[in-house]
Amino acid sequence: MPDSPRWRRIVACAVLSLVGLGAVAAGCGESSGRTTLTVLAASSTQEVLRELGAAYGHERRHVAVRFEFGGSQEMAERLSEHGPADVLLTADETTMNRADRYLTGRRRVVAHNSMTIAVGPGNPRRVRDLRDLTRQGLRVAVAAAANPAGTYARQIFAGAGLTVRSSSEEISVRAVLDRVRTGEADAGLVYITDLRSAGAAASSVPIPALENVTATYAAAVVEDSDDEEVAASFVAWLTSPTARALLTKYGFVTPS
């Protein structure tokens, strides 16, 4: 008898159906006539992906999209555990390349982003630019080096010829933003789109384009997906005019 993650999911769903747990079993596939896609995505895409998922479900009523968010590297690592997943969306192509053996089909670049310095409301520590992040006593939060946001931050520091000693290294860019929002850090490097989600809880100090980086968001189908065709359709849809309009609304830049 076959023993694979996909086979175990099929058996589990069959058992749930037999005992009458229809609502739960429906999330495993198409037992209710509706397919549920599980998308593992970078934490910086939370707000826009929720709206994208709703828009996709409105256009294709036989498909529901559920999201799990975290650091890109954390989401990619889950694929090695063969948990339920249909699509991976990361904030850089390096992480996608590392997960390539778990992926299939065409990879799509769906958006670009760049970084900014997040500070407390009103910028109480008077941070003016990247060089101020080297000031003694300034608490600076960055994402861990394994995370795309952490890699981008280090590229920015290196490009500016700066040595910035961080007070904390976080698992995701949203964790960096939370440090600033709660006052546990005086400044942190986050994506421009993250500041939109913070509202009045944080302010921004822009990083000039020549000192900044371009973050690339890519999506691909997970090889263990229960429905690769539907998953591939969703990945392709992320480059559609509807999706591009929503990504732009949330401050992302879409590929030309």
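Worth saying up front: this structure is predicted, and the values here are computed from it rather than measured. (Residues numbered from 1 in each chain as written. Predicted model: local features only at pLDDT ≥ 70, side-chain atom pairs only at ≥ 80, totals over all residues. Heavy atoms only, no water.)

Chemist: If you had to explain the overall build of the protein chain to someone new, which residues and values would you point to?
Modeler: Looking only at helices and strands, the protein chain features 10 helices and 10 strands. Sequence separation of 24 or more characterises 75% of the internal contacts of the protein chain that already satisfy a separation of 6 or more. (Helix = DSSP H or I, 4+ residues; strand = E, 2+ residues; numbered from the N terminus. Contact = heavy atoms within 4.5 Å.)

Chemist: How would you sum up the side chain of Ser 172? Please name residues and give values.
Modeler: Structurally, Ser 172 is set in the loop between strand E7 (168-170) and helix H7 (173-181). Ser 172 sits in the buried class, given a relative accessible area of 9%. If sequence neighbours within four positions are ignored, Ser 172 has contacts with Ser 43, Gly 70, Gly 71, Ala 143 and Asn 147. (Buried < 20%, exposed > 50% of the residue type's maximum accessible area, 1.4 Å probe, protein only.)

Chemist: I'd love a proper account of the nonpolar core, names of residues and values included.
Modeler: Of all hydrophobic cores here, the largest spans 67 residues; its most connected members are Ile 117, Leu 133, Tyr 217 and Phe 234. Look past the residues within four positions of Leu 133 in its chain and what remains in contact with it is Ile 117, Val 127, Leu 138, Val 140, Phe 157, Val 164, Ala 187 and Leu 189. (Core = buried A, V, L, I, M, F, W, Y, C linked by side-chain atoms within 4.5 Å.)

Chemist: So what's going on with the environment of Leu 138? Which residues, and what values?
Modeler: Looking at where Leu 138 falls in the secondary structure, it is placed in the loop between strand E5 (115-119) and strand E6 (140-143). Look at Leu 138 and you get buried, because its relative accessible area is 6%. Taking the C-alpha atoms as reference, Leu 138 lies 8.4 Å from Ser 167; in sequence the two are 29 residues apart.

Chemist: Summarise the sheet that holds strand E3 (residues 87-90); cite the residues concerned and give the values.
Modeler: What holds strands together in a sheet is hydrogen bonding between their backbones, with the strands either parallel or antiparallel. Spatial ordering of the open sheet is given by E2-E1-E3-E10-E4, a layout of five strands whose pairing is mixed. What marks the edges here is a single partner per strand, and that holds for strand E2 (63-70) and strand E4 (103-113). Recorded for the sheet is a direction-independent mean angle of 20° between the axes of neighbouring strands. Against the sheet, helix H3 (residues 46-59) makes contact with strand E1 (35-42), E2 and E3, and its axis sits at roughly 170° relative to E2, the strand it touches most. Strand contacts of helix H9 (residues 228-237): E1, E2, E3, E4 and strand E10 (215-222), with the helix running at about 160° to E10, the strand carrying the most contacts. (Pairing = 2+ DSSP bridges. Axes fitted to C-alpha atoms, helices over the stretch in contact; angles between N-to-C directions.)

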